[in-house]
Amino acid sequence: MLVALALTVYLVVSQLSRIAASGLDDAIDADSGVMGSYSIDTRTTFGLPQEVFLQRALASLSGLSQKPIPYVIGYEGIRPECPPYDQLGTTTVRFVFNSDGTAYPLPFGEALPVKTKVCLAGSAVPGRAVYGPRETARNRWGDGLAIAPEYQSLAALMSAEPRTYRFIVTTGERNSTPELRTALSTAFAEDGVRFGAPNVSNDFLITRLDTSDQIRAASQGVKTIFAVIGWGVLGLGALGLLVSQLIVVRDRMWLFGLAMALGARRTHIAFLVWAEVALTVALGLLGAVGIAYLTQPLANAIAQSAFGTNAGLLSTGALPGLGLGCMATLMIASAWPAYRASSQDPLDVLEPKVG
C-alpha cells in the first residue's frame, strides 16, 4: 500500500507538472516568441532569381535551425481598394510559406467579420484568406496583412517597391547571430561581389524574437518544484520499503546463513531479496494503476478547471515516467538489503558467539 500510494502521488504530480509546464511554455512562446528564434530580413536577392535565392538561403540556414524554416515574402506600398481596409492607408501585404514552398497554415479569417474582403488589383480577396497578425504575432510575421499565397500575383501588380524577404529560424540558443551571419555570408559571398555588395552580412537584419528570459527562468523553477515534490514522495515510499525490507532481512538471517552453509551462492541470496522487493513493487504498481483508474475522473475535472485539458493519468505519455519511478523504487529498496543478506558469514548465524 505504501508503494502504491507513493507511485500514485508521483504519477499525479508528474502529469500535472507536464500539463502545467506545457501550458506555461506555450503561453510564453505565444507572447514572447519561441526560445532561440530569430527573424532574418533582407531586401535584396543579390541579382539571383527569387527561387534560387530562397533555395540557397534555406539550405544555408537549415543546419542551424531545430525546426523547419518558414519564410515571408512582403510587398510594400499597397493600398487596399475597398472598405473597410481602404481606411488603413498604405500597408504591407505578406505571404507566408513553409520551407518546401507550400502555404504556411496561418489562422486566416480569424476574428474578422464574415463579409470582410480586401480588394487588390481590382479583385476581391475574401476574408477567409486574410490574416491580420495580432500584436504578439507581429514580431514573427511582420506588420500589415497576411494573405493566402494564391493571391500573391495580385499584390505583385500593386507594388512598385522591392520585395522583402524574412526567414524564421529557431536555433534554441540565446545568441546565434554570429553563426547565422557566417552561414549567410558563406552562401552569398560570390553573388554579393558580383552584385556590388561585398559585405553580404550587412544586407541581412537579424533580430532575436524571443524575450522574457526571467519568465522562462520562473517557468523552469515551477518544473523543478513539481519534480522535487514528485520524486520526494516517491523517495519517501522507497525509503519506507527499504526499512521494512531491512527488518525482514534481519529476521531471516538464519535462513540465509543456513542456505549458504548448504551451498547456496551469495548471488542466489541477493536475488531472493531482490525478487521479493520486485514483487512488492509490482503489486504496488498494480495498486497505483487501480487507484489512478478510479480517481481519473476527479483528476480530469481538476485539470480541466485549472489547465483546460485532461490529466491523462493512464495515457501512454505517463507510462515511461511511471516505469522510471518503479525502477528507482526497486533500486533504492533492494540494493542495501540484498547486500546485507548476501554478505553475512554463515558461521556468524549458525554458531553463537561465546563472550
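From a predicted model like this one, the values you see are computed outputs, not experimental measurements.

Cut-off values and rules
Residues numbered from 1 in each chain as written. Predicted model: local features only at pLDDT ≥ 70, side-chain atom pairs only at ≥ 80, totals over all residues. Heavy atoms only, no water. Helix = DSSP H or I, 4+ residues; strand = E, 2+ residues; numbered from the N terminus. Buried < 20%, exposed > 50% of the residue type's maximum accessible area, 1.4 Å probe, protein only. Contact = heavy atoms within 4.5 Å. Areas by Shrake-Rupley, 256 points an atom, 1.4 Å probe, with all protein chains shown as cover. Axes fitted to C-alpha atoms, helices over the stretch in contact; angles between N-to-C directions. Parallel < 35°, antiparallel > 145°, perpendicular 65-115°, else oblique. Nonpolar A, V, L, I, M, F, W, Y, C, P; charged D, E, K, R; others polar. Pairing = 2+ DSSP bridges. Polar contact = N/O pair within 3.5 Å; in protein donor to acceptor, adjacent residues only side chain to side chain. Left-handed = near helix turned anticlockwise from the far one by under 90°. Patch = residues over 30% accessible without salt bridge, like charges linked within 9 Å, V, L, I, M, F, W, Y side chains within 5 Å. Salt bridge = Lys/Arg side-chain N within 4 Å of Asp/Glu carboxyl O. pLDDT = per-residue confidence, 0-100.

A word on the overall build of the protein chain
When its secondary structure is counted, the protein chain shows 10 helices and nine strands. Out of the 355 residues in the protein chain, the part that is buried amounts to 41%. Looking at the protein chain alone, contacts between residues at least 24 apart form 76% of all its contacts between residues at least 6 apart. Accessible area of the protein chain: about 19000 Å², with a carbon and sulfur share of 61%.

Details of the packing of helix H7 (residues 253-261) against helix H9 (residues 319-342)
Here H7 crosses H9 at 55 degrees, and the two axes come no closer than 9 Å. Between H7 and H9, the angle is such that the two are oblique. Facing Met-253, Phe-256 and Met-260 of H7, the residues of H9 in contact are Arg-340, Ala-341 and Ser-342. Classifying every residue of the contact of H7 with H9 by side-chain character gives four nonpolar, one polar and one charged.

Concerning the pairing of strand S4 (residues 117-120)
Two faces belong to every sheet, and in a regular strand the side chains alternate between them. With four bridges joining them, S4 and strand S5 (residues 123-126) adopt antiparallel strand pairing. Note on S5: the bridge partner recorded for Val-118 is Val-125.

Considering the environment of Ser-343
Along the chain, the position of Ser-343 falls in the loop between H9 and helix H10 (346-350). In this structure the C-alpha to C-alpha distance between Ser-343 and Phe-256, which are 87 residues apart in sequence, comes to 10.0 Å. A polar contact of 2.7 Å, which involves the side chain of Ser-343, links it to the backbone oxygen of Tyr-339. A polar contact is formed between the side chain of Ser-343 and the backbone oxygen of Arg-340, at a distance of 3.4 Å.

Description of the sheet that holds strand S1 (residues 37-42)
The seven strands lie next to each other as S6-S7-S3-S2-S8-S1-S9, forming an open sheet whose pairing is mixed. Two strands close off the open sheet at either side, each with one partner strand: strand S6 (130-131) and strand S9 (205-208). Relative to S9, S1 runs antiparallel, the two being bridged by four bridges. Of the residues in S9, the one forming a bridge with Ile-40 is Ile-206. Packed on one face of the sheet, helix H2 (residues 50-62) meets S1, strand S2 (71-78) and strand S8 (164-170) and runs near 20 degrees to S8. In the packing of helix H5 (residues 177-195) onto the sheet, the strands contacted are S1, S8 and S9, and the crossing angle to S1 comes to about 40 degrees.

Focus on the packing of H2 against H5
For any two helices packed against each other, one specifies the inter-axial angle together with the distance between the axes. Their axes nearest at 9 Å, the elements H2 and H5 cross at an angle of 145 degrees. Handedness of the H2/H5 crossing: right-handed. For the pair H2 and H5, the contacting residues are Phe-53, Arg-56, Ala-57, Ser-60 and Leu-61 in the first and Leu-180, Ala-183, Leu-184, Ala-187, Phe-188 and Asp-191 in the second. Of the residues in the contact of H2 with H5, the class split is eight nonpolar, one polar and two charged.

Section: a nonpolar patch on the surface
Side chains of Trp-254, Leu-255, Leu-258 and Leu-262 sit close together on the surface and give an oily, nonpolar patch of about 440 Å² of accessible area. Mapped onto the elements of the fold, Leu-258 is located in helix H7. For Leu-258, a relative accessible area of 35% puts it in the partly exposed group.

Description of the environment of Gly-77
Position of Gly-77 among the secondary structure elements: in strand S2. By relative accessible area, Gly-77 is classed as partly exposed at 43%. The sequence separation of Gly-77 and Glu-161 amounts to 84 residues, and the corresponding C-alpha distance is 6.7 Å. Once residues within four sequence positions are removed from consideration, Gly-77 is found in contact with Thr-90, Thr-91 and Met-158.

Some details on unusual backbone geometry
Trans is the prevailing form of peptide bonds, just as negative phi is the prevailing case for residues other than glycine. The backbone of Phe-46 sits at a positive phi, close to 60 degrees, despite the residue not being glycine. Here Phe-46 shows up in the loop between S1 and H2. Judged by relative accessible area, Phe-46 falls into the buried class, the value being 4%. Phi at Ala-121 takes a positive value of approximately 50 degrees, unusual for a residue other than glycine.

A few points about the confidence of the model for the protein chain
With 86% of its residues at a pLDDT of at least 70, the protein chain reaches an overall mean of 83. Ranking the helices and strands of the protein chain by mean pLDDT puts S8 first, with 95, and H10 last, with 65.

With respect to the side chain of Thr-164
Positionally, Thr-164 belongs in strand S8. With a relative accessible area of 11%, Thr-164 lands in the buried category.

Considerations on the side chain of Ser-201
Along the chain, Ser-201 falls in the loop between H5 and S9. Beyond its immediate stretch of four places on either side in the chain, Ser-201 contacts Arg-181 and Ser-185.

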